[in-house]
Structure formats: C-alpha cells, structure tokens
Amino acid sequence: MSSLVQLAAPASASPAPVAGLLLDTFGRIHSDLRISVTDRCNIRCFYCMPETGAEFAPVSSLLTFPEIVRFAKTALPLGIDKIRITGGEPLLRPKLPNLISALSVLPGVRDLAVTTNGVLLAETAQALYDAGLRRLNVHLDTLDRERFRRITRRDDLLRVLAGIDAAVRIGFDVIKINAVAIKGLTEPDIVSLVRFAKERDIEVRFIEFMPLDGQHLWSLDRVLTADDMIAALTEEFGPLAPVADADPRAPATEYEFADGYRVGFIASVSRPFCLNCNRLRLTADGKLRYCLFAREETDIRPLLRKEGADEALEAVIRSTVWQKWVGHEINRASFAPPQRPMYSIGG
Ligand code: SAM
Ligand code: SF4
C-alpha cells in the first residue's frame, strides 16, 4: 500500500479547511494552476482530437479575461504560484498577450508559462514576450514532415519549427519541447528530437500517450514508456542518470547525460505520479477540475460572473481540491476515461 493511501482521510467526509494553503484530504498542497483559454485548435493531433466533428463550447460560455484574472486573484493568495496557459491551442485566443500582461504582474505569480503547438508562434512570440511571458512549452512530436502530418492531420511542421526558432531568437528564459511518444510510430523521433533540442540548448520532455483522446484510440500497447525511451537514448548518447535534486512535485522526471544535458519524461502511465500531484485545472468554459482524469468537475462560471462572490469563490476552490481523489487508475481494469477529451480540458 502506498504512503498516499495510508495517509487517506475519509474522502470529503469532513468539510474543507476555511484557511491556509490549498490542501486535499491526502495532504497534497496545490500550487500549480492550469488555465485553458480555448478548446479550439488549428491542428488535429489524433491522440487528442477527432479529425472531424470535434465539439466545442459556445464562445459565450468561455471565461473572459477579467473572469480569468479574477479567478487567479482569488487562487494566488491560497498558495498558487505557478500558472500555465493552455488549451486547445491558446494562441488562437484573440488578444492573448493582454491576458499575459494582466497575469504576469499579479502578486504571487512566480512562474507563468504558455503551452502551445507552435503553429502561430512565429507571429505571436514577440508580443507574448513583450507582455511579460518568459516560459514556453512548444509541442513537437516529430521532425519528419510526413509523420507530423499523420499525427496532426495538418502539414504545419515548418511553421512550428519557425516558431521555435523565433522563440529562441527572442530569448525566452525557458523553452521546452513537449513530445508525445507513441509506440509503433514515434520511435525514430526520440533520438532526433533530443539532438534538435540540444543544438538549440532547450529541453525535451517526452510524454507517455494517455487515454485522453476523443476517439478512444488509446491502448496500453501504444504507450512508448519512459524506460523504452531511456534505453534508446542511452544507446545513442551514452548513460542517462536521474537528476537527484529534481522537484518531486513536477510531472516530469528529469534525467541527465554525462555532459549535463537534461531530458524529462512525463511517465503518467508507466510511473504514475499522483502521489505528488499539486495541480488544479480551470477549463475554458469555467469548470474547475482536480485531475485531468476526474469524472466530476465544479462549474464556477456563475460565481465568476456574479459581483461580490469572492468568499464563495474561495470556498468552492477549497472544496474542489478537498474532493480530490487519490489518483487516476489508468492501469486498473476499473479505469474509465474522462468524458471530456484533452483539448476540452486543457493539458
Ligand atoms: N495545443 C497546445 C499543445 O498542443 O501544446 C496546448 C494544449 S495540449 C492539450 C497540451 C499538451 O497535451 C500537449 O503538449 C500535448 O503534447 C499533450 N497531449 C495531448 N493529448 C495527449 C494524450 N492523449 N496523451 C499525452 N499527452 C497528450
Ligand atoms: Fe491541438 Fe494541442 Fe490537442 Fe494537438 S494536443 S490537437 S495541438 S490541443
């Protein structure tokens, strides 16, 4: 039995705390907020969106920038210090730099980042930087144009590469590449992405394929595991050692080559890290979720649209975290994928 389970209090039996940090019943403190600003996307990665017929929330249901900022202002004093803007594709949200400007100056924001597929990055990177953004995660699974097209059902690899080059040139403090690894498809990309990133002095984080696709294409035998990838990288570049001082609450496990270059693995399937989870998610249409895989969510849009409901808003944030389960059950027979696919939750 894991120490997490031993720590377990009767889930949600007692009321959520009314003060202090954002705590759940398993003792996990929440400091990382993912905010989705749209569920739309300009490409169609097969592990996230269907090729046609994706369903989107009506535009009128999307949180406005003042509503998002209001949420952040309520959450920051509760111990949130890291905010990641995601989607869908966040660069599709009109005037995104205005939101970045508003969030980057809020007291308590230690770390503000955007996760993007990079297609629109070449033309938006400078405005995002000028608005105060310093951290970017750019999603890129392959450097092969045909494989990129097969994965995303679009021919935009060159635009993504131009976006990464623009971000490097502008001088963002941190640029990371997020690569989803799929068995039987992206094996040839593991080594080439590391080489590509190393040449630009940026880090790659390989993400195991998770059951979050709209069409339920996931199966365990399509997961290229962190161990598989470490073996391939070791064969090419020599030994990779786990980084001892890495943040245990970060989703990526960091590894280092002999020359100090690091890669990360988000091994949600083969090495679940729920025990250390500190993340809370706000969907573009104002639903608060304590887990990517949660089967329940809290609708906070009415409170965000109501004047003077700050105390109620804080109470709902606290109680949503308090309801958090011990963790997802991808590796169990009882696992049921969430009703919302990845693009509509916000990764
Ligand atoms: N559109 C942006 C992008 O692609 O980076 C932001 C949203 S996307 C949902 C966030 C991250 O989720 C991406 O980096 C992508 O690699 C990851 N992702 C999407 N579907 C996934 C899946 N089924 N399993 C693992 N990671 C996934
Ligand atoms: Fe779009 Fe990102 Fe989903 Fe790919 S992973 S379809 S880029 S939201």
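Quantities reported herein were computed from a predicted structural model and do not represent experimental measurements.

## Observations regarding the overall build of the protein chain
Broken down by element type, the protein chain carries 11 helices and 12 strands. Relative to the 2.2 N^0.38 estimate, which gives 20 Å for 347 residues, the radius of gyration of the protein chain is 20 Å and therefore close to what a compact globule would have. When the backbone C-alpha atoms are referred to their principal axes, the protein chain occupies close to 55 × 50 × 40 Å. Sorting the 347 residues of the protein chain into buried and exposed places 56% on the buried side. For the protein chain, contacts bridging at least 24 residues in sequence account for 73% of all contacts bridging at least 6. Surface exposure of the protein chain reaches about 14,800 Å², of which carbon and sulfur atoms provide 54%. Side chains of the protein chain carry 43 positive and 44 negative charges; the gap between the two charge centres is 4 Å.

## What about the sheet that holds strand 7 (residues 240–242)?
Spatially, 7-8-9-6-5-4-3-2-1-10-11-12 is the arrangement adopted by the 12 strands of the open sheet, whose pairing is mixed. A strand with exactly one partner marks an edge of an open sheet, and here the two such strands are strand 7 and strand 12 (298–299). Pairing of strand 8 (residues 253–257) with strand 9 (residues 262–266) involves four bridges; the strand directions are antiparallel. Considered in strand 9, the bridge of Tyr-255 is made with Val-263. Its contacts with the sheet put helix 3 (residues 96–104) on strand 2 (82–86) and strand 3 (111–116), and the angle it makes with strand 2 is roughly 175°.

## Quick notes on unusual backbone geometry
In the Ramachandran plot, Lys-95 falls in the positive-phi region, its phi being about 60° despite a non-glycine side chain. Here Lys-95 is to be found in the loop between strand 2 and helix 3. Classification of Lys-95 by relative accessible area gives exposed; the value is 61%. The phi dihedral of Asp-201 is positive, around 55°, even though this residue is not glycine. Structurally, the position occupied by Asp-201 is in the loop between helix 7 (187–199) and strand 6 (203–208). With a relative accessible area of 66%, Asp-201 lands in the exposed category.

## Here we look at the site of ligand 1
As a matter of local geometry, ligand 1 sits amid 18 residues, with Tyr-47, Gly-88, His-139, Val-180 and Met-210 nearest to it. Within the contact set of ligand 1, a nitrogen atom lies 2.9 Å away from a backbone nitrogen or oxygen of Gly-88. Residue His-139 places a side-chain N or O atom 2.7 Å away from an oxygen atom belonging to ligand 1. Protein contact buries 96% of the 540 Å² of open area that ligand 1 shows by itself. Of all elements in the fold, only strand 3, strand 5 (174–181) and strand 6 reach the threshold of two or more residues within the shell around ligand 1. Grouping the constituent residues of the shell around ligand 1 by class yields seven nonpolar, nine polar and two charged.

## As for the confidence of the model for the protein chain
Summary statistics for the protein chain give a mean pLDDT of 92 and a share of 96% for residues scoring 70 or more. Below a pLDDT of 50 lies the segment residues 1–10, which in the model reaches 14 contacts outside its immediate sequence neighbourhood of four places, other chains included.

Rules behind the numbers
- Residues numbered from 1 in each chain as written.
- Chains lettered and ligands numbered in written order.
- Predicted model: local features only at pLDDT ≥ 70, side-chain atom pairs only at ≥ 80, totals over all residues.
- Heavy atoms only, no water.
- Helix = DSSP H or I, 4+ residues; strand = E, 2+ residues; numbered from the N terminus.
- Rg over C-alpha atoms; globule rule 2.2 N^0.38 Å.
- Buried < 20%, exposed > 50% of the residue type's maximum accessible area, 1.4 Å probe, protein only.
- Contact = heavy atoms within 4.5 Å.
- Areas by Shrake-Rupley, 256 points an atom, 1.4 Å probe, with all protein chains shown as cover.
- Lys, Arg positive; Asp, Glu negative; His and termini not counted.
- Charge placed at Lys NZ, Arg CZ, Asp CG, Glu CD.
- Pairing = 2+ DSSP bridges.
- Axes fitted to C-alpha atoms, helices over the stretch in contact; angles between N-to-C directions.
- Near = heavy atom within 4 Å.
- Polar contact = N/O pair within 3.5 Å; in protein donor to acceptor, adjacent residues only side chain to side chain.
- Nonpolar A, V, L, I, M, F, W, Y, C, P; charged D, E, K, R; others polar.
- pLDDT = per-residue confidence, 0-100.

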